[in-house]
Amino acid sequence: SRIYVYACNKSMGDSSLANSDGDYLIVPEHGTLDIKTEFGRITVPSGHICVIQRGMRFTVDVPTTGARGYVCEVYDNHFELPPRGVIGANGLSNERDFETPVAWYEDRDVKWTCYQKYCDKMFTFNQNHSPYDVVAWHGNYAPYRYDLAKFCTINTVSYDHLDPSIFCVLTSQTGEPGVASCDFVIFPPRWMVGQNTFRPPYYHKNLMSEFMGNIRGVYEAKEEGFLPGGGSLHSCMAAHGPEVSVFDKASNGNNNAVPPNNDCLAFMFESTYMLKMTPSGMNENRDQKYTDMGAWNGFKKNFNPDQK
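All values reported here derive from a predicted model rather than from experimental measurement.

Undergrad: Describe the overall build of the protein, with residues and values.
TA: Along the backbone of the protein there are three helices and 17 strands. A globule of 308 residues ought to have a C-alpha radius of gyration of about 19 Å, and the protein, at 21 Å, matches this closely. In the protein, buried positions account for 43% of the 308 residues. In the protein, the proportion of contacts linking residues at least 24 apart, taken out of those at least 6 apart, comes to 75%.

So this is what it looks like as C-alpha cells:
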C-alpha cells in the first residue's frame, strides 16, 4: 500500500492518468473534485470518497480555490465491503449507497497527453482526441463514490471502547484471509454513551500501521494541533493513544450521553504492511510538539496497588 497527501490548485486539462499498478481510494478534505472517466463524470466533495480502479483513465478538475486531500493506493486486491458477520444484512456501509457514474462522453479532437503509471514508473504518450468518447458501458467494473454521511454507525450501548474495525467502510484484503493491505475506517459523528468507560481510544500498540487523517473539525483523541488536511502515522508496534488533556478530561468527566458532533470527521488507513516515510514527509511541516513526544509528556503515575 501507498499513501499520498495531495494539495493542488490547477486542473489536469487535456491530459489523463491511468494506474496499471493498483486502485486509488481518494478522500477529499478541501475542494470538490470533478473527475472525468471513461464511464462518466463523478463529483466528489469533501465528506465523500471515490475509488478509481486499476487501468481506468481519469482527469481531475479542481476549483480555483484549490483542493487538498488524501489518496491510498492498494496493489493486492480491489476494495470491497467488510464482512458484517453477526451484524447481519444491514449496517456499516450499505451496498445501495455506492454510486457509479452515468454514461457521458465528449467528442473532441485535441492534443491529449496520456499518463500511465506502470511498475511504479510514469510513462506518457500523445493522441489527437479525448479518451472520453465512450458513449455507453456495461458490467460491474466501474469507478464509484460514497457519501460518508450515509455510513450506518454501530457502537457500544453499554460499556467499553470497541475496536475501530467496527467503523470500517471498505477493505482491501491480502492473500491471507482477514489480513488487510488497507482498511478504510472513519470516526463519524455518533452518540457516546458507554458507561464506566474510558471513551477515547485507549492506549495500545498493534501489528497494523495506522495513518490518521482529519477531514473536518477536532479529532476526539487529539484536540490540539491535528488540523484538517494533516496526518499522523503510528507504525507497527509503536505505542500510542490520547494526549494528556484528553486523558484527564475523559478520566474525570461524567458518564452523561454525548450527542453527535456533525462538525467532526476523521479517518484512518490501516495496513498490515510497514509504511516507509518519504524524506519530505519526515522533514517538512512536522508538528514538532507531537513528534518530540510532547503530546504524551506530563502524565502522572496513577497506579495504586491498594485501590480495589
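Having seen the structure, we can now continue with the description.
Undergrad: With reference to specific residues and values, describe the sheet that holds strand β8 (residues 67-74).
TA: Reading across from one edge, β1-β8-β3-β6-β12-β9 is the order of the six strands in this open sheet, with antiparallel pairing throughout. The sheet terminates laterally at β1 (2-8) and β9 (98-99), the two strands that pair on one side only. In terms of strand pairing, strand β3 (residues 23-30) meets strand β6 (residues 48-52) through three bridges, oriented antiparallel. Among the inter-strand pairings, Leu25 is bridged to a residue of β6, identified as Val51.

Undergrad: If you had to explain the nonpolar core to someone new, which residues and values would you point to?
TA: In terms of nonpolar packing, the biggest core is built from 35 residues, with Phe184 and Phe269 touching the most fellow members. Elements with a contribution of two residues or more to this core: β3, β6, β8, β12 (144-147), β13 (168-173), β14 (180-187), β15 (209-216) and β17 (265-271). Core analysis: the second largest hydrophobic core is formed by 18 residues, Tyr6, Met56, Val62 and Val71 among them.

Undergrad: Tell me about helix α1 (residues 244-252), and please be specific about residues and values.
TA: When α1 is considered as a whole, its buried residues turn out to be Val244, Val246 and Phe247. Projection of α1 onto a plane perpendicular to its axis shows the buried side chains occupying an angular sector of 160°, all on one side. Exposed residues pointing more than 90 degrees away from the buried face of α1 are listed as Lys249 and Asn252.

Undergrad: An account of the sheet that holds strand β16 (residues 231-234) is needed here, citing residue identities and associated values.
TA: Spatial strand order, β13-β14-β17-β15-β16: five strands in an open sheet with antiparallel pairing. Both edges of this open sheet fall to β13 and β16, since each of them pairs with a single strand only. If you compare each strand with its neighbour and ignore which way they point, the axes differ by 15° on average. Across five bridges, the pairing between β13 and β14 is antiparallel. Each residue of the ladder has a partner; that of Ser172, found in β14, is Cys182.

Undergrad: Explain the pairing of β8 residue by residue, including any values.
TA: For β8, the buried fraction is high: seven of the eight residues fall into the buried class. Where β1 meets β8, seven bridges bridge the pair, whose relative direction is antiparallel. Pairing of Val5 across the sheet is with Tyr70, part of β8. For β3 and β8, the ladder comprises seven bridges, and the chain directions are antiparallel. Pairing of His30 across the sheet is with Arg68, part of β8.

Undergrad: Would you mind going over the pattern of salt bridges in detail, with residue names and values included?
TA: Close approach of charged atoms lets side chains of opposite charge pair. Counted under the stated rule, the structure contains eleven salt bridges. Between Asp120 and Arg2 there is a salt bridge, with its nearest N and O atoms 2.7 Å apart. Linking Asp120 in the loop between β10 (112-118) and β11 (121-127) with Arg2 in strand β1, this pair joins segments that are 118 residues apart in sequence. For Asp120, a relative accessible area of 44% corresponds to the partly exposed category. Of the residues examined, Arg2 reaches a relative accessible area of 32% and is grouped as partly exposed. Taking the shortest distance from any N to any O, the salt bridge between Arg190 and Glu220 comes out at 2.9 Å. With Arg190 in the loop between β14 and β15 and Glu220 in the loop between β15 and β16, this pair connects stretches of sequence that are 30 residues apart. On the basis of relative accessibility, which here comes to 10%, the residue Arg190 falls in the buried class. Each of Arg2, Asp21, Glu73, Lys117 and Asp120 takes part in a single network of salt bridges with overlapping partners.

Rules used throughout
- Residue indices follow the written sequence of each chain, beginning from 1 at its first position.
- Residue-level local features of this predicted model are given only where pLDDT is at least 70; pairs of side-chain atoms are given and counted only at 80 or more, and the full residue set underlies all totals for whole chains, interfaces and linings.
- Think of the side-chain values as coming from all heavy atoms in the structure, minus any hydrogens and water.
- Secondary structure is summarised from DSSP: a helix means a run of H or I of at least four residues, a strand means a run of E of at least two, and numbering begins at the N terminus for each.
- Based on C-alpha atoms, the radius of gyration is set beside the globule rule, defined as 2.2 Å times the residue count to the power 0.38.
- A simple rule labels every residue: compare its accessible area, found with a 1.4 Å probe on the protein chains alone, to the largest value its type can have, and call it buried under 20%, exposed over 50%, or partly exposed in between.
- The contact criterion used is simple: two residues touch if any of their non-hydrogen atoms lie within 4.5 Å.
- The rule for pairing is simple: two strands pair if DSSP sees at least two bridges between them.
- Working definition of a nonpolar core: buried Ala, Val, Leu, Ile, Met, Phe, Trp, Tyr and Cys residues. They are joined through side-chain atoms within 4.5 Å.
- The directions considered for the arc run from the helix axis to the C-beta atoms.
- Whenever a helix is involved, its axis is fitted only over the stretch in contact; in every case the axis is a line through C-alpha atoms, and angles between N-to-C directions fall within 0 to 180 degrees.
- We count a salt bridge whenever a side-chain nitrogen from Lys or Arg sits within 4 Å of a carboxyl oxygen from Asp or Glu.

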